[in-house]
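Okay, here's what each chain looks like letter by letter:
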Amino acid sequence: VPHEPTVAEMEDLEYGLSQGRIRFVTIMSVETLESLVHMLPRQCLNLLANTTLVAPSARVIQKASELIPGIATELAPGPQAPAIVDTLIRNWQTGQNS
């Protein structure tokens, strides 16, 4: 069941994105990505392009590039929590993304 955010949640999200306080977004599936894109208002979606999307699947990365033009992406080596966290830490430390 898709989450229906409150107005306050959307305001907090937009503020965090606009202030650069949200640097990464992790997405585990194309379905989750599509749900997120459909849930976000246009201004948040545009700001989301300023983050780095981390996913364990090339399919998710490809779809993200289609749905959120210009978003940086980082492919994690697997869906396990340690793989995702290691990818986030490495990207944070080096600032490298694709």
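Structure shown above.
Note that this is a predicted model, so its numbers are computed, not measured.

Peer 1: Would you mind showing me how to read the pattern of salt bridges here?
Peer 2: Side-chain pairs of opposite charge can arise whenever the charged atoms involved come near each other. Scanning all chains against the criterion turns up 3 salt bridges. For E74, the salt bridge is made with R90, and the minimal N-O distance between the two is 3.1 Å. In this pair, E74 sits in strand β3 (residues 72-75) while R90 sits in helix α5 (residues 81-94), placing the two residues 16 residues apart along the sequence. Look at E74 and you get buried, because its relative accessible area is 13%. Residue R90 is classed as partly exposed on the basis of its relative accessible area, which comes to 39%. Among the charged side chains, a network of salt bridges with common partners joins E34, K63 and E66.

Calculation rules
Residues numbered from 1 in each chain as written. Predicted model: local features only at pLDDT ≥ 70, side-chain atom pairs only at ≥ 80, totals over all residues. Heavy atoms only, no water. Salt bridge = Lys/Arg side-chain N within 4 Å of Asp/Glu carboxyl O. Helix = DSSP H or I, 4+ residues; strand = E, 2+ residues; numbered from the N terminus. Buried < 20%, exposed > 50% of the residue type's maximum accessible area, 1.4 Å probe, protein only.

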